[in-house]
Amino acid sequence: MTKRAYNFNAGPAALPLQVLERAQAEFVDFRNSGMSIMEMSHRGKVYEEVHNEAESRLLSLLGGGKGYKVLFLQGGASTQFAMLPMNLLSEGKVASYVHSGSWADKAIKEAKLIGQTNVVATSEANKFMSIPDLSNIQLSDDTAYLHVTSNETIEGTQYQQFPDTGNIPLIGDMSSDILSRQFDLNQFGLIYAGAQKNLGPSGVTVVIAREELINNSPKNIPTMLRYNTHSSNNSLYNTPPAFSVYMVNEVLKWVEEQGALEGIEKINRKKAQLIYDTIDNSGGFYRGPVEAGSRSIMNITFRLTSEELENQFIKESELEGFVGLKGHRSVGGLRASIYNAVPYESCKALADFMSHFQKTHG
Ligand code: PMP
């Protein structure tokens, strides 16, 4: 049997073993075509079937997505930071952003390059250890959209509910928590995500948008950066990242097999609870810096009492087969990324290791 690491990488991250094995089985000869999916025309029937399957699976997992369109793009979520304002922030309008941490910061900086950009709420005062309170958010009539980062991958915070923005389109960067829990897509005008955490391998970025928002992109922006280029060509204007799209389709099948979003959410909450309980019941040996009401069920950040002890934790965990537990270099500490494909067993092994480490170093 293949030995798999306890993989807590932040992204690219763990993929379901079943998906890897299925991909392996049909790698060389895809659906009796005599070639792999990477070797065939993206205009052919075989590839197009996979492409269309992935699109419709994604929409159906998100509750049907009536009036919404799926785009498969390249350039990562980072390109969306610019593409979004290029397409939706017109002259005389203002783009509103919630500043919740490292990734929101990047999105805001890009928007500022394009047009008038306002930060309407921020949790900077507590070092982004919570999601800003949006209950009294006021948006002016000239607001083009409100942008939120549903899960801050680096700090380990996550929205528990999304603001009601009425007629103003709500935009979500869902790179690190898409398909991890149930939510109402109809609340959003557009969501986007790099695939390499919950959807598949890197190389494809998913955009899901209300059709009317993306059908009239300004003509003065380059062709490849216009949403309507991709929406009017079923994301086949140019060569798509075929293998990545195929893998996304396989991951989506696997999500369906887990009981779709309802089933996935249940297990994700159980996984997160196990690790947060270990932190909270450690008598201060481990400390979760994120405020209780903003804790992420995808990226669990925690600290030990000294950096020296944190380094020791990483060193010993690696010897036991744990990978990716070092926190992001910008914030330090430790982080366990427990995306959809990280099995409960890996989380259990981590909780046991944490208890054992506390016994030997506490
Ligand atoms: N947004 C969030 C929330 C992320 O976690 C990341 C990647 N870690 C990005 C955007 C950037 O994604 P990409 O690397 O696909 O450009």
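Just so it is clear, the structure is predicted and the values come from calculations on it, not from any experiment. (Residues numbered from 1 in each chain as written. Predicted model: local features only at pLDDT ≥ 70, side-chain atom pairs only at ≥ 80, totals over all residues.)

A. Region of the structure containing the overall build of the protein chain. A tally of regular secondary structure across the protein chain gives ten helices and 13 strands. Against the 2.2 N^0.38 benchmark of 21 Å for 362 residues, the protein chain shows a C-alpha radius of gyration of 21 Å, consistent with a compact globule. Taken along its principal axes, the extent of the C-alpha atoms in the protein chain is 65 × 55 × 30 Å. Counting over 362 residues, the protein chain shows a buried share of 44%. Looking at the protein chain alone, contacts between residues at least 24 apart form 67% of all its contacts between residues at least 6 apart. (Helix = DSSP H or I, 4+ residues; strand = E, 2+ residues; numbered from the N terminus. Rg over C-alpha atoms; globule rule 2.2 N^0.38 Å. Buried ≥ 20, exposed ≤ 12 C-beta atoms within 10 Å, placed from the backbone. Contact = placed C-beta atoms within 7 Å.)

B. Here's a closer look at the nonpolar core. With 91 residues, the main nonpolar core has Ala193, Val206, Val248 and Ile338 as its most contacted residues. Examining the composition of this core, we find that eight residues originate from one element, helix H7 (residues 242–257), more than from any other. When residues of this core are sorted by domain, at least three fall in each of domain 1 (18–257) and domain 2 (259–361). Among residues more than four places away in sequence, those in contact with Ala193 are Ala77, Met174, Ser175, Ile178, Leu199, Thr205 and Val206. (Core = buried A, V, L, I, M, F, W, Y, C linked by C-beta atoms within 7 Å. Domains from an automatic or database assignment.)

C. Summary view of the domain arrangement of the protein chain. Under the domain assignment used here, the protein chain contains domain 1 (18–257) and domain 2 (259–361). On the domain 2 side, the residues contacting the 23 residues of domain 1 number 24 residues. Of the residues contributing to the side of domain 1 that touches domain 2, the split by class is six nonpolar, twelve polar and five charged. (Nonpolar A, V, L, I, M, F, W, Y, C, P; charged D, E, K, R; others polar.)

D. Main features of unusual backbone geometry. Between Gly11 and the following residue, Pro12, the backbone shows a cis peptide bond with an omega angle of -5°. Mapped onto the fold, Pro12 is located in the loop between strand S1 (6–7) and helix H1 (17–25). With a phi angle near 45°, Arg31 is a residue other than glycine that sits in the positive phi range. Structurally, Arg31 can be placed in the loop between H1 and helix H2 (45–61). Positive phi, close to 50°, is recorded for Asn234, a residue that is not glycine. You can see Asn234 is positioned in the loop between helix H6 (227–231) and H7.

E. Inspection of the pairing of strand S11 (residues 299–302) at higher detail. Burial along S11 is two-sided: Asn299 and Thr301 facing one way and Ile300 and Phe302 facing the other are all buried. Pairing analysis gives four bridges linking S11 to strand S13 (residues 334–337), with the strands arranged antiparallel. Along S13, the bridge assignment pairs Thr301 with Arg335. (Pairing = 2+ DSSP bridges.)

F. Layout of the site of the ligand. By nearness alone, every residue bordering the ligand is listed as Gly11, Gly76, Ala77, Ser78, Trp103, Thr149, Thr153, Asp173, Ser175, Ser176 and Gly194. When residues of the shell around the ligand are assigned to their parent elements, the largest contribution, three residues, is made by helix H3 (residues 76–88). Counted by class, the shell around the ligand contains two nonpolar, eight polar and one charged residues. (Near = placed C-beta within 6 Å.)

G. Structural view of the pairing of strand S9 (residues 190–194). Burial runs high along S9: five of the five residues are buried. Taking every second residue as pointing to the same face, both faces of S9 are buried, with Leu190, Tyr192 and Gly194 on one and Ile191 and Ala193 on the other. In the sheet, strand S8 (residues 170–173) pairs with S9 via three bridges, with the strands oriented parallel. Counterpart to Ile171 in the pairing with S9 is Leu190. In this structure, S9 lies alongside strand S10 (residues 205–210), joined through five bridges in antiparallel fashion. Directly across from Tyr192, in S10, lies its bridge partner Val207.

H. How the structure looks around the UniProt feature "binding site: L-glutamate" (unreviewed entry) in the protein chain. Mapped onto this numbering, the UniProt entry annotates "binding site: L-glutamate" (unreviewed entry) at Arg43. Structurally, Arg43 can be placed in the loop between H1 and H2. On the basis of neighbour counts, which here come to 9 C-beta atoms within 10 Å, the residue Arg43 falls in the exposed class. (UniProt positions renumbered as here; feature names shortened; annotations may be inferred.)

I. Region of interest: the sheet that holds S8. Strand order in the open sheet formed by seven strands is S2-S10-S9-S8-S5-S3-S4, with mixed pairing between adjacent strands. With one partner strand each, in any of the chains shown, strand S2 (68–73) and strand S4 (117–122) form the two edges of the open sheet. On average, each strand axis in the sheet is tilted by 20° relative to the strand beside it, whichever way the strands run. The sheet contact formed by strand S3 (residues 94–99) and S4 spans five bridges and is parallel. (Axes fitted to C-alpha atoms, helices over the stretch in contact; angles between N-to-C directions.)

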